[in-house]
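# Examination of the molecular architecture
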Amino acid sequence: GAGVSQSPSNKVTEKGKDVELRCDPISGHTALYWYRQSLGQGLEFLIYFQGNSAPDKSGLPSDRFSAERTGGSVSTLTIQRTQQEDSAVYLCASSLLVVGVQGEQYFGPGTRLTVT
Amino acid sequence: GDSVTQMEGPVTLSEEAFLTINCTYTATGYPSLFWYVQYPGEGLQLLLKATKADDKGSNKGFEATYRKETTSFHLEKGSVQVSDSAVYFCALRTGGFKTIFGAGTRLFVKA
């Protein structure tokens, strides 16, 4: 079946603008994760969804970042008033949750965000 | 807090050479350990994992052993191929749903 998809694949925006990044997880996967990968850095955890709720938002770097998930499927990560330090690749992953145990995370190709 | 440290790259090897990418971790609990690989132009994918001490994860000729005494999970392969050129990430997860990743090590394999 289809893997995790993300859109857009590339986004260039001006400083101060808002952006929305979209993630379509694998069908049936109840858990969804957002990560940020900055140049030369590892993956930084941003937020995790179980169904439509986000029990762990600890990784969101500031209140300019928010995320939602609707219908237990598609998720949107919104960055308001973008700053140059927001430039990074934003990765989404999804996994099954079986009897409280997280399965393997499957990653999307990422959205490369460039703030000019 | 929990963290993962892996050797800086890039690592450049000739085909059929032996590969080691070092990874050490700090964790308060008993983490599961992972190696992920990102091939050029592709998404991140799980390469292997180990869930408890002394477990050995293996896949595609790669191996890593969970060493609790040295808090390490080094990735090894006996004979690398050009197709192994990629970025390799060591990661851990302790009970919850947050996975902590290392910075990644880029591997170049020359023919």
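Thresholds applied
- Within every chain, residues take consecutive numbers counted from 1 along the sequence as written.
- Chain letters and ligand numbers both follow the written order, the letters beginning at A and the numbers at 1.
- Given that this is a predicted model, residues contribute local features only at a pLDDT of at least 70 and side-chain atom pairs are listed and counted only at 80 or more, while totals for whole chains, interfaces and linings are drawn from all residues.
- Hydrogens are left out, water is left out, and the side-chain values use all remaining heavy atoms of the structure.
- Numbering goes from the N terminus for both helices and strands, where a helix is a DSSP run of H or I of at least four residues and a strand is a run of E of at least two.
- With C-alpha atoms as the basis for the radius of gyration, the globule rule is written as 2.2 Å multiplied by the number of residues raised to the power 0.38.
- Between buried and exposed lies partly exposed: a residue is buried under 20% and exposed over 50% of the maximum accessible area for its type, with that area taken using a 1.4 Å probe on protein chains only.
- Accessibility throughout is a Shrake-Rupley quantity obtained with a 1.4 Å probe, and a residue counts as covered only by protein chains that appear here.
- Counted as positive: Lys and Arg. Counted as negative: Asp and Glu. His and the chain ends are not counted at all.
- For this purpose, a charge sits on NZ of Lys, CZ of Arg, CG of Asp or CD of Glu.
- The criterion used for residue contact is that any of the two residues' heavy atoms lie within 4.5 Å.
- Accessible-area loss on putting two parts together, using a 1.4 Å probe and summing over both, is the definition of buried area adopted here.
- What makes a salt bridge here is a side-chain nitrogen of Lys or Arg within 4 Å of a carboxyl oxygen of Asp or Glu, nothing more.
- Computed over the protein atoms alone on a 1 Å grid, cavities are sets of points where a 1.4 Å probe fits but cannot get out and pockets are open sets with protein on both sides within 12 Å along at least five of seven lines; a residue lines them when it has an atom within 4 Å of a point.
- Grid points are joined across faces, edges and corners, and a volume is the space filled by probe spheres set on the points.
- In the scheme used here, Gly and all other residues not listed as nonpolar or charged are polar, with Ala, Val, Leu, Ile, Met, Phe, Trp, Tyr, Cys and Pro taken as nonpolar and Asp, Glu, Lys and Arg as charged.
- Only buried Ala, Val, Leu, Ile, Met, Phe, Trp, Tyr and Cys residues count toward a nonpolar core, and they belong to the same one when joined by side-chain atoms within 4.5 Å.
- In this scheme Phe, Tyr and Trp rings, the latter by its six-membered ring, pair at centre separations within 6.5 Å, and the angle between planes marks the pair as stacked below 30 degrees, edge-to-face above 60, and tilted otherwise.
- We treat two strands as partners when DSSP finds at least two bridges between them.

### Comments concerning the overall build of chain B
A count of helices and strands for chain B gives zero helices and 12 strands. Computed over its C-alpha atoms, the radius of gyration of chain B comes to 13 Å, within 12% of the 13 Å expected for a compact globule of 111 residues. Considered along the principal axes of its C-alpha atoms, chain B spans approximately 40 × 25 × 20 Å. Buried residues in chain B amount to 45% of all 111 residues. Total accessible area on chain B is roughly 5400 Å²; 47% of this is exposed by carbon and sulfur atoms. One way to put it: in chain B the 11 positive side-chain charges average out to a point 6 Å from where the 11 negative ones average out.

### Considering the environment of Phe 108 of chain B
Residues and elements named next belong to chain B. As for its placement among the helices and strands, Phe 108 is situated in strand β12 (residues 105-110). Remark: the alpha-carbon pair of Phe 108 and Leu 75, spanning 33 residues in sequence, is separated by 15 Å. Look past the residues within four positions of Phe 108 in its chain and what remains in contact with it is Pro 10, Val 11, Thr 12, Leu 13 and Ser 85.

### A few points about the interface of chain A and chain B
On the chain B side, the residues contacting the 19 residues of chain A number 14 residues. Summing the contributions of chain A and of chain B, the shared interface buries around 1400 Å²; its carbon and sulfur component is 56%. Among the residues chain A hides against chain B, the three largest losses belong to Leu 43, Gln 102 and Phe 107 of chain A. Together they make up 34% of the total. The tally of links from chain A across to chain B stands at zero salt bridges.

### Comments concerning the layout of surface pockets
Its volume calculated, the largest pocket comes out at about 800 Å³. If you trace the largest pocket, you find 31 residues lining it, with Gln 37 and Arg 112 of chain A together with Gln 38, Val 87 and Arg 106 of chain B closest to the centre. Going through the elements one at a time, β9 (88-95) and β13 (111-115) of chain A together with β10 (86-93) and β12 of chain B are the ones with two or more residues in the lining of the largest pocket. Of the residues assigned to the lining of the largest pocket, the class counts are 12 nonpolar, 15 polar and four charged.

### Re the nonpolar core
For soluble globular proteins, nonpolar side chains are generally found buried alongside one another. Counting 26 residues, the largest nonpolar core has Leu 19, Trp 35, Leu 47, Leu 48, Phe 73, Leu 75 and Tyr 88 of chain B as its most contacted members. If you list the elements that add at least two residues to this core, you get β2 (11-14), β3 (19-21), β4 (23-26), β5 (32-38), β6 (45-50), β8 (62-65), β10 and β12 of chain B. If you tally residues by element for this core, the top one is β10 of chain B, at four residues. Val 19, Cys 23, Ile 79 and Cys 92 of chain A belong to the second-largest nonpolar core, a separate cluster that totals 19 residues.

### Regarding the packing of aromatic side chains
Within a pair of aromatic rings, the relevant descriptors are the distance that separates the centres and the angle that separates the planes. Within this structure, the stated rule accounts for 11 aromatic pairs over all chains. Centre to centre, the rings of Tyr 35 of chain A and Phe 107 of chain A are 5.6 Å apart; their planes meet at 40°, and the pair counts as tilted. You can see Tyr 35 of chain A sitting in strand β4 (residues 31-37) and its partner Phe 107 of chain A sitting in strand β12 (residues 106-107), a full 72 residues away along the chain. Owing to a relative accessible area of 9%, Phe 107 of chain A belongs among the buried residues under this scheme. Among the aromatic side chains, those forming a connected cluster through ring pairs are Tyr 33, Tyr 35, Phe 45, Tyr 48 and Phe 107 of chain A together with Phe 34, Tyr 36 and Phe 101 of chain B.

### A word on the pairing of strand β6 (residues 53-56) of chain A
Residue and element names in this part refer to chain A. One ladder, built from two bridges, connects strand β5 (residues 43-50) with β6; its direction is antiparallel. Within β6, the residue paired with Gln 50 across the bridge is Ser 53. Count of turn residues in the β5/β6 antiparallel hairpin: two residues, of which Gly 51 carries a positive phi of about 65°.

### Some thoughts on the environment of Thr 116 of chain A
Residue and element names in this part refer to chain A. Summarising the element assignment, Thr 116 is placed in the segment after β13. Residues Thr 116 and Arg 81, spaced 35 residues apart in sequence, show a C-alpha to C-alpha distance of 12 Å. Those residues in contact with Thr 116 that lie beyond four places of it in its chain are Val 12, Thr 13, Glu 14, Lys 15 and Gln 84.

### Details of the pattern of salt bridges
Summed over all chains, the structure comprises six salt bridges over all chains. For Arg 36 of chain A, the salt bridge goes to Glu 44 of chain A, with nearest N and O atoms at 3.0 Å. The class for Arg 36 of chain A is buried, based on a relative accessible area of 9%. For Asp 55 of chain B, the salt bridge goes to Lys 52 of chain B, with nearest N and O atoms at 3.4 Å. The exposure class assigned to Asp 55 of chain B is partly exposed, which follows from its relative accessible area of 21%.

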